[in-house]
Every structure is written in C-alpha cells, then in structure tokens.
Amino acid sequence: MGRFFIALSALCCAVIVAMTAFVLGDIAYFGWEKLTLSFLLAAPEQGMAAGGIFPAIFGTFFLVLIMTVAVIPLGVMTAVYLNEYAPKHSRLVQWVRLAIANLSGVPAIVFGLFGLGFFIDFVGKGMDAAFFGSRLVFGQPAILWAALTLALLTLPTVVVATEEALRAIPDSHREVAYSLGATRLQMVRRVVLPQAIGGILTGGILAVSRGAGEVAPILFTGAAYFLPYLPKKLNDQFMELGYHIYVMATQSPDVEATKPILYSTVFVLLALTFVLNFTAIWVRSRIRRRLRLAK
Amino acid sequence: MRTGGILSAEKAVEALIRLSAFSAILGLFLIFVFIGKEALPVLTSPEARKEAGLSKLFLPQEGPRPYSWQPVSEIPKYSILPLFMGTLKVTLVAILFAIPLALGAALFTSEFAPDWTKELLKPIIELLAGIPSVVLGFFALMVMASCVQDAFGIIYRLNAVNAGIALGLAVIPIVYTMADDALTAVPKSYREASIAMGASAWQTASKVVFPAALPGILAACVLGFGRAIGETMIVLMASGNAPVMTWALQKPVRSLSATVAAELGEVVVGSPHYHVLFLIGTLLFVFTFALNLFAHWFVRRLQRKILGAA
C-alpha cells in the first residue's frame, strides 16, 4: 500500500522529467538542424520564409539592455532599503514585501495594457505635449516603453535576488564598519554592496532571461512584425525574438515553408534564456554556500 | 562646509533609497489606476454603455445565440461569458494536470528520494520554469496539438485540452517549488516522532508531514491557479481562439487574456471595444491580486503553525 504510493510519487517525477525532455529534445533536434552563422547575422527575406533573424536578436538585446539599466538601480535600492535601512518587521516593510510578491503575480498581459495606458498614452503623450509641441515623438509604441514595462515586470526578480545576497553578509561586517566611524551609507557602499555584487548579478541575469522571453507585455508597447531598419533611438519600434516566434507561428501564410526557420528561432531564444539561467543558478549556488559558511 | 556638502549628498541618496522602496507599491497602484481608468467608461460613458453596458456583457441577449463575443461584427456583441468559460475550462485542465504531478513529485523528492535525486530534479524543474511561455505555446501549437488530437480522438486540432496541458507545463514549476519549500520546512522532529511511534515512511509522509505543510501546499495551488488564469501566450497560440459557450473540452476555446492580446492591437482607441478589453484586463488584475493575497495568508498561517510548534 505505502510502497504503491511512493512508487506513484516517483512516477510523477518521471513524467515531469520526460515531458521536459520531450519539449527540449524536440526543439534542440529540429532547431539545431538549420542553424548557421549566416542565419544569426542576416535579415529576414521573402516574408520570413528565408533569410535570418539578426534584427530580432539585435532588438532583443537592445530591449533588455534598456530594461536592465532601469530595473537594476531600482531593485537594488529597494532591497537595500528593506534589508539595511528599514526597522526589521516594521509595518512598512511588510507592505513592501507584500507588494513585491503581488507584483510578481500580475499577469504579463496586464503589464502590456499598463504599458499602453500609462507609458504611451500618459507619459509619452504628456512628453509630446510638453516638449515637442504635440508632435508625435514619444506618444507611440517604442522600445523605451516596452523596456520600462518589462522593468516593472522584472522588479521583483531583482529585489528578491539582491535581498538574498544582502542577508548572506554577516552582521559583524556591518558592525566593524560602524565601529570605524562609517555612516550608514558609507557602510552600504563600501561593505555591503561589494559583497552583494553576486546577488545583484544573479537578479540581473534572471531578469534579463525573463524579460527576453516575455511577449505579452511588448505586444502593444513597441514590438513590430517586420522593420527594414534596426532600432537606433529610444522611440523606435523594434523586432524581438519571442514576438518573431509568435508571429511566424500564428500568422505565416505558409507554415510548412517557415517551419525550419521557426524552429531555429525558438532554439536561439531557448539557448539564450538557458545560458542566462544556468549562469544565474551557478552564481546563486556560490552565494548560498557562503551563506551557510557565514552562519 | 565640505562635510556639510557630503552630508547633504548622503541625505539625498538616502532619500532616493527610501523612495525607491515604494516603487513596488506605486507600481501596483499605477497598474490598477491606469487600467481601471480605461475600463471605467463601460460603466460611465453613455455611448459605451449603449453598446457594451454591463447587462450586454453579462446577461443573455435576444437572438439565436444569447451569449456571443463578436466585437467586430456589424452589430457588435460583447458577451464576455464565453471568454470566462474559456478561461475556466483551460485553467481547469491545467490545474487537474499540473497539481497532482507537481505535488506527487514534491512529496517524492522531499520525503522518499535519496538526496541525489533531488539535486538532479531541481535543475530540471528550473529548466522547465525557464522556458518562455511563447516557446511552450509554439510547442503546443506545432507538436503537441497533433499528439493530443490523436490520443483523445478529437476533431479540432486546437482545443481546451491541448491548451490546458501546455498551460500545465507552465504551472508545474510554480506548484512544485512552493510545495517543496512547504514540505521541507516541516521540522525533522515531526518525522522522527512519527517513525518512533512505528509509522511507516508513507504513513509519516501522508498523515504527519503533508497535513503539517498543508497551508503552504494550498498556497502553492492558489498561486498555480493564478498563473494559469493570467497566462496569455500559451493559450493564445494553442487554444484555437473560438469564443464558444460550451463546457465541451474538445472544442476550441478563447480565454480572457488571449482576447486582450489578440484584439487590442487592431482596436480603435476610445471605442467601446477598447474599453471592454481594458475591463477584461482589470478583471484579470483583480482576480490574480486576490489570489495572491489569499496565498500569502496561507503562507503566514504555515509559518505561524510551524514556529508555534517548534
């Protein structure tokens, strides 16, 4: 009786592993086949049926770069406040933590609506009215707005990872800094942040991996189906890998013809996210080891 | 003078740090306000109410099909009940598929398996969690749909079962990770006491550890449910997107989230259709927000229970 249920629970594990292997194996097998260097470096041709995906790769990198610049300072400062400044267990800290947990549960498509309603229609249109004489400059879908939308979406990731690293630093380090006459900010800058760099890195990498894979938030905030040029300014639209996959998979006139290209694109996106994730896991495991040693 | 300058610079940076702590609260608040603002005309604007008032959204209408979502037809119809039903159907399949698997796996790795199995499974689950939803959607559309169609003998290639299973793949890592945390948090003394009383490994796991971790496990399920309701790309790509008012799982379905994603790009800004789509977004936000609070409350209960006992 007991044995049967234990075997059943082991089966659950096996099923999950098998399904993951099926998904990844299929994509790796068919995606690797047609993958060439020129595919990575060329622009799409013949309505996506030929050519490469360079503009989508470039757009993805540009997008997550802007996102990182926005989310890292905000996330790190939030974590520093929670762990270094706020009195432990204060009401405010509890509210902030609750808000962060809730923010990470908001559906991605809701972030897309928010990006449209807030960044484009409110901030963008407002900037146009204030600085550009109501000329359409920022009040339209653009890479800046898509990146800021993603920054809000990935904020909890950065905060949680940074906080974990801050907690791994023994209190004695802080006390020594104080005893030498450091102010709190000096202590944070010279003692805490240099030691937390790994955690900040982990958070940043995980945020990039998440941001590079999310499509729903950028649907209406700046992603374009096809552009003959690369994005250069903050108010340009852009092509993106995930969006490229979505469009090719659902709106291609000839699915069979685009299938090899589609598979290779999925492979590239997946490889990108996995390389990022494994780097983050590796850095994090090193932090956790230090956390154990510190205790 | 100089120290005064440094001090005031320090004050400014510290003010910035304090301010940024509010960013998450402010973000949530702005999301609610700016999506709600665009949804509000459905209740207040006479023009929008005439075409898409609450009664048109929720109550049966005259005609051969009392509930239909046809926002771009000549006489637009905005019944969102088929969309609710679609979300519910897909979510139900996902939950029924994902939760038993995830809980079974969590129980196995935390209670029965040797350590190396856990070390092996954790990265695999993280791998699964790291697959972007558009990739799962792609896989469900291109590969899984045919397998599911053959396995269940379904006429339509894209249907609620297919979308639900793909969605389940996205839910499994969430439920597994939280359930595993909850089970591991149960103090070792519980297990030792149970074994000392002569209970078997399975009896200990099912009668002692599992009940002790129950609040955390419920939280895991609630969060998985929340993720399933809001997930967009998987359902958009794998469900067939037909707003049909039926409980039949083998028919194509259209969910709330997929409707927003598919239609907002082409809608006229400020039209009733536009406002209805924002209303759907507001509803999704409110649902998931409530579910998150609920899950949070469960976790707090778990912590208190275990801290109180230890």
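Residues numbered from 1 in each chain as written. Chains lettered and ligands numbered in written order. Predicted model: local features only at pLDDT ≥ 70, side-chain atom pairs only at ≥ 80, totals over all residues.

A. Just the overall build of chain A, in detail. Secondary structure summary: chain A contains 10 helices and 2 strands in total. Reading the helices (α) and strands (β) of chain A from amino to carboxyl end gives α-α-β-β-α-α-α-α-α-α-α-α. (Helix = DSSP H or I, 4+ residues; strand = E, 2+ residues; numbered from the N terminus.)

B. Quick peek at the overall build of chain B. Along its length, chain B carries 15 helices and 2 strands. Burial status across chain B gives 50% buried among its 310 residues. A separation of at least 24 residues holds for 74% of the contacts in chain B among residues at least 6 apart in sequence. (Buried ≥ 20, exposed ≤ 12 C-beta atoms within 10 Å, placed from the backbone. Contact = placed C-beta atoms within 7 Å.)

C. Geometry of helix 6 (residues 81–112) of chain B. Its 32 residues give helix 6 of chain B an end-to-end C-alpha distance of 45 Å, which sits within 8% of 46 Å, the value for a rise of 1.5 Å per residue. Of all the 32 residues making up helix 6 of chain B, 24 are buried; the element is thus mostly covered by neighbouring parts of the structure. (Expected span 1.5 Å × (residues − 1).)

D. Fine view of the interface of chain A and chain B. The interface of chain A with chain B comprises 64 residues on the first partner and 68 residues on the second. Among the secondary structure elements, those contributing two or more residues to the side of chain A that touches chain B are helix 1 (2–33), helix 3 (54–85), helix 4 (91–103), helix 5 (108–131), helix 6 (143–167), helix 8 (184–213), helix 9 (241–251) and helix 10 (255–294) of chain A. Residue contributions to the side of chain A that touches chain B peak at 16 residues, all from helix 1 of chain A. Classifying every residue of the side of chain A that touches chain B gives 49 nonpolar, 14 polar and 1 charged. (Nonpolar A, V, L, I, M, F, W, Y, C, P; charged D, E, K, R; others polar.)

E. Focus on the nonpolar core. Residues and elements named next belong to chain B. Counting residues in hydrophobic clusters, the biggest one holds 195 residues, and the most contacted among them are Ala102, Ala140, Val175, Ala179 and Ile234. By residue number, the principal contributor to this core is helix 9 (residues 160–184), which donates 17 residues. Among all residues touching Ile234, those that are not within four sequence positions of it are Ser133, Leu136, Gly137, Ala140, Ala163, Ala166, Leu167 and Ala170. (Core = buried A, V, L, I, M, F, W, Y, C linked by C-beta atoms within 7 Å.)

F. How the structure looks around the environment of Gly203(A). With respect to the secondary-structure elements, Gly203(A) resides in helix 8. Here the alpha-carbon distance between Gly203(A) and Phe118(A), two residues 85 residues apart in the chain, equals 26 Å.

G. Examining the environment of Leu24(A) more closely. Residues and elements named next belong to chain A. By secondary structure assignment, the location of Leu24 is in helix 1. Overall, the presence of 19 C-beta atoms within 10 Å leaves Leu24 in the partly exposed class. For the pair Leu24 and Leu291, spaced 267 residues apart in the sequence, the C-alpha separation amounts to 33 Å.

H. Just the confidence of the model for chain B, in detail. Looking at chain B, pLDDT values average 88 and 97% of them are 70 or higher. Predicted complex metrics record ipTM = 0.91 and pTM = 0.91. (pLDDT = per-residue confidence, 0-100.)

I. View of the environment of Ile287(A). Along the chain, the position of Ile287(A) falls in helix 10. Taking C-alpha positions, Ile287(A) is 9.7 Å from Ile169(A), a pair spaced 118 residues apart along the chain.

J. Representation of the packing of helix 4 of chain A against helix 2 (residues 23–39) of chain B in the model. Orientation of helix 4 of chain A relative to helix 2 of chain B, taken along the N-to-C sense of each, is 50°, at an axis distance of 8 Å. Classed by the angle they form, the pair helix 4 of chain A and helix 2 of chain B counts as oblique. The element helix 4 of chain A and its partner helix 2 of chain B pack so that their crossing is left-handed. The segment helix 4 of chain A lies against helix 2 of chain B, with Trp95(A), Val96(A), Ala99(A), Ile100(A), Asn102(A) and Leu103(A) engaging Ala24(B), Ile25(B), Gly27(B) and Leu28(B). Partitioned by chemical class, the residues of the contact of helix 4 of chain A with helix 2 of chain B number 8 nonpolar, 2 polar and no charged. (Axes fitted to C-alpha atoms, helices over the stretch in contact; angles between N-to-C directions. Parallel < 35°, antiparallel > 145°, perpendicular 65-115°, else oblique. Left-handed = near helix turned anticlockwise from the far one by under 90°.)

K. The arrangement of helix 5 of chain A in detail. For helix 5 of chain A, the principal kink sits at Gly115(A) and spans about 30°. Positive phi shows up at Gly133(A), right after helix 5 of chain A, with a value of about 55°. (Bend = angle between axes of the 7 residues up to and from the residue.)

L. Region of interest: unusual backbone geometry. Non-glycine residue Ser134(A) carries a positive phi angle of around 65°. Position of Ser134(A) relative to the elements: it lies in the loop between helix 5 and helix 6.

M. Molecular detail of the packing of helix 7 (residues 171–179) of chain A against helix 8 of chain A. Residue and element names in this part refer to chain A. One way to put it is that helix 7 packs onto helix 8 with a least axis distance of 10 Å and a crossing angle of 135°. By the angle between their axes, helix 7 is oblique relative to helix 8. For the pair helix 7 and helix 8, the crossing hand works out as right-handed. Across the interface between the two elements, His173, Arg174, Ala177 and Tyr178 of helix 7 pack against Met187, Arg190 and Val191 of helix 8. Grouping the amino acids of the contact of helix 7 with helix 8 by side-chain chemistry returns 4 nonpolar, 1 polar and 2 charged.

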